[in-house]
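Reading the structure
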Amino acid sequence: MNTSEQGGSRGSVRIIDLPVISDRRGDLTFVEGRNHVPFDIARVYYLYNVPVDSERGGHAHRQLQQVVFALSGSFCIRIDDGHATSEHWLRDPRKGLLINRLIWREMDSFSQGAVCMVLASHAYDESDYIRDHADFLATVRG
Ligand code: T46
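Overview of the structure. In this text the structure is predicted, and so the values were computed from the model without any measurement.

Here we look at the sheet that holds strand β10 (residues 95-99)
- Here we have 5 strands laid out as an open sheet, ordered β2-β10-β7-β12-β5, and antiparallel in their pairing. In the strand order of this sheet, the two ends are held by β2 (13-17) and β5 (43-47), each with one partner. With direction set aside, neighbouring strand axes in the sheet form an average angle of 25 degrees.
- Note: strand β7 (residues 66-72) against strand β12 (residues 115-120), 6 bridges, orientation antiparallel. In the sheet register, Ala70 faces β12, and the bridge partner there is Cys116.

Some details on the pattern of salt bridges
- Across all of its chains, the model carries 7 salt bridges by this definition.
- A salt bridge links Arg78 to Glu87; the shortest N-O distance between them is 2.6 Å.
- Judged by relative accessible area, Arg78 falls into the partly exposed class, the value being 28%.
- A salt bridge links Arg78 to Asp108, with the nearest nitrogen and oxygen atoms 3.0 Å apart. In this pair, Arg78 is assigned in strand β8 (residues 75-80) and Asp108 in strand β11 (residues 104-108), connecting sequence segments 30 residues apart.
- Looking at Asp108, the relative accessible area reads 16%, which means it is buried.
- Through salt bridges that share partners, Arg78, Glu87 and Asp108 make up one connected network.

Some thoughts on the site of the ligand
- Near the ligand there are 13 residues, and of these Arg43, Arg56, His61, Gln66 and Tyr129 occur at the shortest range.
- One nitrogen or oxygen atom from the main chain of Gly57 is found 2.8 Å from an oxygen atom belonging to the ligand.
- Contributing elements (two or more residues each) for the shell around the ligand: β5, β6 (56-61) and β11.
- The leading source of residues in the shell around the ligand is β6, at 4 residues.
- In the shell around the ligand, the residues fall into 5 nonpolar, 4 polar and 4 charged.

Quick word on the pairing of strand β9 (residues 85-90)
- Burial of the side chains of β9 is restricted to one face: Ser86, His88 and Leu90 are buried, whereas none of Thr85, Glu87 and Trp89 on the reverse face is.
- Pairing geometry for β8 and β9, over 6 bridges, is antiparallel. Note on β9: the bridge partner recorded for Phe75 is Leu90.
- A loop of 4 residues connects β8 with β9, the two strands running antiparallel in sequence, and Gly82 in this loop sits at a positive phi of about 95 degrees.

About the thresholds
Residues numbered from 1 in each chain as written. Predicted model: local features only at pLDDT ≥ 70, side-chain atom pairs only at ≥ 80, totals over all residues. Heavy atoms only, no water. Pairing = 2+ DSSP bridges. Helix = DSSP H or I, 4+ residues; strand = E, 2+ residues; numbered from the N terminus. Axes fitted to C-alpha atoms, helices over the stretch in contact; angles between N-to-C directions. Salt bridge = Lys/Arg side-chain N within 4 Å of Asp/Glu carboxyl O. Buried < 20%, exposed > 50% of the residue type's maximum accessible area, 1.4 Å probe, protein only. Near = heavy atom within 4 Å. Polar contact = N/O pair within 3.5 Å; in protein donor to acceptor, adjacent residues only side chain to side chain. Nonpolar A, V, L, I, M, F, W, Y, C, P; charged D, E, K, R; others polar.

Okay, structure coming up:
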């Protein structure tokens, strides 16, 4: 993962390294809730068949925590915590990006055939989304 930041991350996101067990049959990586990720995993979803010019995200969550992985291929996640921005390239299935609550995220630059897997702390709830950036800034800046 290449990570570049403008103004520091302020703890809003961090990289999570998962274990890997390798032998002549290939690599095996596993993830356990409340061990490798700091929450019980309530939901798993994945993005695939994503056009290379697609832009996803463009929202924040009021309560949801998530860890995002590139299981295959690569893509970029742009992070805004309301005070600083950072850019994170995901391309290693052993490394995930933990995104805490009240973080704006945008995703683009998907490679051909990229697969994005997300581990989430809660079930899907549309009322948890903040989909307007001005509302997001007003919420985090209080
Ligand atoms: C996020 C990024 C990384 C559901 O019905 N259940 C679900 O679990 C999810 C994730 C979505 N949906 C519905 C809601 C929309 O009607 O699927 C549709 C597409 O969702 P959305 O436009 O939010 O997809 P992305 O890729 O922009 O964002 C998703 C997650 O929603 C979001 O939490 O952080 O992936």
